[in-house]
Amino acid sequence: MALNTASATGIPGVHGRRGPDLFLWVCAVAAAAVAFVLGWIFWEVFQEAKPALDKFGLGFLTNAQWQPNRDRYGVLPFLVGTGATALIALILAFPPGLAIAIFLSEDFLPLPARQLVRFVVELLAAIPSVVYGLWGIFVVIPIVQSLGTWTSERFGHIPLLAGPAYGNSLLTAGIVLALMVLPTITAISRSSLVAVPHTLREGAYALGATRWEAIFGVILPTAAPGVVAATILALGRAMGETMAVAMLIGNSSRLSWSLFAPSGTLASLLANQFGEAAGMQVAALMYAALVLVALTLAVNFAGELVLRYTERRTAGIR
């Protein structure tokens, strides 16, 4: 009678001897440790934020005043700034990021040239955020200020383009953030495109499709889950970025809908004020940190749902 090694042994391929399943236990402990640390962080932030939670409640999210000298705190301007900068970054970074990923995954250039371009793009991820901030101060701010002056003179009646134009603004932070999240979108999208089986490409060509018809009609839809994952990771990076944004956004607590006006984000608020905070201001800042954590978790959860939906549609499952 043949011996079923998969059930008689702890490790497949080890005949007649049961393994200790050590790798399985290590993986289980690591997964539990990650969940524990996440819960611990959330609990500690919640405990520090509880005085502000009890005092301000959900009005903390809709109040547009941040006045530490009067103990009035609201994060609505910083919520708007966090979402606006992340959205600007995605709008600016996604099209070139996906285009570069397609360029690097197909045979448009010889392999050495593709490897060089890939190295240069991924090198952007290794640059410290403070360097991006300095580059934004000396390069992006003058450009945005000139652009804002020109647009406000001609399209000042549009709230998004209304003046006066400041160099430190939502648009400046969004442009630099776009450059920072570009490597994430490019690298993960490229990996997803490369992972598409060659049989699908060959089948599309066999049916008479051109290269671009095969890319947009077969390869991109198949790699859509990976592209979605890249977008979600880039969004999380943009929402949590601190140093470069704090150097460029203007750190204003006023609510403004203009792209050329100073603003603030939750991360920059924490970086700028926590060192000198005391009393209720500490609790309010921890409340803001709790909101940022919850917002990031909500984005990741929504991204997971979109990713699963995309995977099901790609697989032909309704």
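All values reported here derive from a predicted model rather than from experimental measurement.

J.: Just checking my understanding: could you explain the overall build of the chain for this structure?
T.: Helix and strand counts for the chain stand at 13 helices and zero strands. Overall, the chain shows an N-to-C arrangement of helices and strands of α-α-α-α-α-α-α-α-α-α-α-α-α. Reported as C-alpha extents along the three principal axes, the dimensions of the chain are approximately 85 × 50 × 40 Å. Burial status across the chain gives 36% buried among its 318 residues.

J.: Help me understand the packing of aromatic side chains, please; the structure alone is not making it clear to me.
T.: The geometry of an aromatic ring pair is captured by two quantities: the separation of the ring centres and the angle between the planes. Across all of its chains, the model carries eleven aromatic pairs by this definition. Between Phe60 and Trp66, the aromatic rings sit 6.3 Å apart at their centres with planes inclined by 65 degrees, giving edge-to-face as the arrangement. Across the pair, Trp66 and Phe60 agree in class, each one buried. Taking the centre distance of 5.9 Å and the plane angle of 25 degrees together, the rings of Trp212 and Phe216 count as stacked.

J.: Looking at this structure, I do not really get the confidence of the model for the chain. What am I missing?
T.: Note that predicted coordinates carrying low pLDDT should not be read in detail. Predicted confidence across the chain gives a mean pLDDT of 84, with 92% of residues reaching 70 or more. For the chain, helix 1 (residues 5-8) is the element with the lowest average pLDDT, namely 47, and helix 4 (residues 76-105) is the one with the highest, namely 92. Segment residues 5-11: pLDDT under 50, and 13 contacts once partners within four positions in sequence are set aside and those in other chains are kept.

J.: In this structure, what is going on with helix 7 (residues 170-194)? I would like to understand it.
T.: Taking 1.5 Å of rise per residue, the 25 residues of helix 7 would be expected to cover 36 Å, and the 35 Å separating its terminal C-alpha atoms lies within 8% of that figure. By the largest-angle criterion, Val181 marks the main kink of helix 7, which is about 35 degrees, and a proline, Pro183, follows within four residues. In terms of burial, helix 7 is a largely internal element, 18 of the 25 residues being buried.

J.: How do you make sense of unusual backbone geometry when you look at a structure like this?
T.: Note: most residues except glycine have negative phi, and most peptide bonds are trans. A positive phi is found at Asp71, a non-glycine position, where the angle reads about 55 degrees. Its place among the elements puts Asp71 in the loop between helix 3 (59-62) and helix 4. One non-glycine residue, Asn251, lies in the positive phi region at around 55 degrees. The topology assignment puts Asn251 in the loop between helix 11 (243-248) and helix 12 (266-273).

J.: Would you mind going over a nonpolar patch on the surface with me for this structure?
T.: Where nonpolar side chains cluster on the molecular surface, the patch consists of Ile127, Val130, Val131, Leu134, Trp135, Ile137, Phe138, Val139, Ile143 and Met243 and spans about 860 Å² of accessible area. Broken down by element, the nonpolar patch gets its largest block of residues, eight residues, from helix 6 (residues 129-155). Secondary-structure assignment places Val131 in helix 6. The partly exposed category is assigned to Val131, whose relative accessible area is 40%.

J.: Got a minute to help me understand the side chain of Ser192 in this structure?
T.: Here Ser192 lies in helix 7. In this structure, Ser192 is in contact with Ala223, Gly226 and Val227, ignoring residues within four places of it in sequence.

J.: Can you walk me through the pattern of salt bridges in this structure?
T.: A pair can form between side chains of opposite charge whenever their charged atoms are brought close. Inspection of the entire model under this criterion finds four salt bridges. Residues Arg201 and Glu106 are paired through a salt bridge, measuring 3.2 Å at the closest nitrogen-oxygen approach. Residue Arg201 is found in helix 8 (residues 198-206), and its partner Glu106 is found in the loop between helix 4 and helix 5 (111-123); the two are separated by 95 residues along the sequence. In this structure, Arg201 and Glu106 share a single accessibility class: buried. The closest approach of N and O atoms between Arg237 and Glu241, which form a salt bridge, is 3.5 Å.

J.: Hey, could you run me through the nonpolar core in this one?
T.: One recurring pattern in soluble globular proteins is that nonpolar side chains are buried together. Judged by nonpolar contacts, the single largest core of 29 residues is most densely connected at Val176, Leu177, Met180, Leu235 and Ala238. Mapped by element, the contributors of at least two residues to this core are helix 4, helix 6, helix 7, helix 10 (224-240) and helix 11. Looking at which element gives the most residues to this core, the answer is helix 7, with nine residues. Excluding its chain neighbours within four sequence positions, the residues that come into contact with Val176 are Tyr132, Trp135, Gly136, Val140, Ala244 and Leu248. Ala277, Leu285, Tyr287 and Ala289 belong to the second largest nonpolar core, which has 24 residues in total.

J.: Before we go on, may I ask you to explain the packing of helix 4 against helix 10 in this structure?
T.: When two helices pack together, their arrangement is captured by the angle between the axes and the distance separating the axes. The N-to-C vectors of helix 4 and helix 10 enclose an angle of 140 degrees; their axes lie 9 Å apart at closest approach. Accordingly, the angle class assigned to the pair helix 4 and helix 10 is oblique. Like other packed secondary-structure pairs, helix 4 and helix 10 cross with a definite hand, here right-handed. Residues Thr82, Ala86, Ala89, Leu90, Phe94 and Leu98 of helix 4 form the contact with helix 10, whose participating residues are Val227, Thr231, Ala234, Leu235, Ala238 and Met239. Counted by class, the contact of helix 4 with helix 10 contains ten nonpolar, two polar and no charged residues.

Thresholds, definitions, all that
Residues numbered from 1 in each chain as written. Predicted model: local features only at pLDDT ≥ 70, side-chain atom pairs only at ≥ 80, totals over all residues. Heavy atoms only, no water. Helix = DSSP H or I, 4+ residues; strand = E, 2+ residues; numbered from the N terminus. Buried < 20%, exposed > 50% of the residue type's maximum accessible area, 1.4 Å probe, protein only. Phe/Tyr/Trp six-rings, centres within 6.5 Å; stacked < 30°, edge-to-face > 60°. pLDDT = per-residue confidence, 0-100. Contact = heavy atoms within 4.5 Å. Expected span 1.5 Å × (residues − 1). Bend = angle between axes of the 7 residues up to and from the residue. Patch = residues over 30% accessible without salt bridge, like charges linked within 9 Å, V, L, I, M, F, W, Y side chains within 5 Å. Areas by Shrake-Rupley, 256 points an atom, 1.4 Å probe, with all protein chains shown as cover. Salt bridge = Lys/Arg side-chain N within 4 Å of Asp/Glu carboxyl O. Core = buried A, V, L, I, M, F, W, Y, C linked by side-chain atoms within 4.5 Å. Axes fitted to C-alpha atoms, helices over the stretch in contact; angles between N-to-C directions. Parallel < 35°, antiparallel > 145°, perpendicular 65-115°, else oblique. Left-handed = near helix turned anticlockwise from the far one by under 90°. Nonpolar A, V, L, I, M, F, W, Y, C, P; charged D, E, K, R; others polar.

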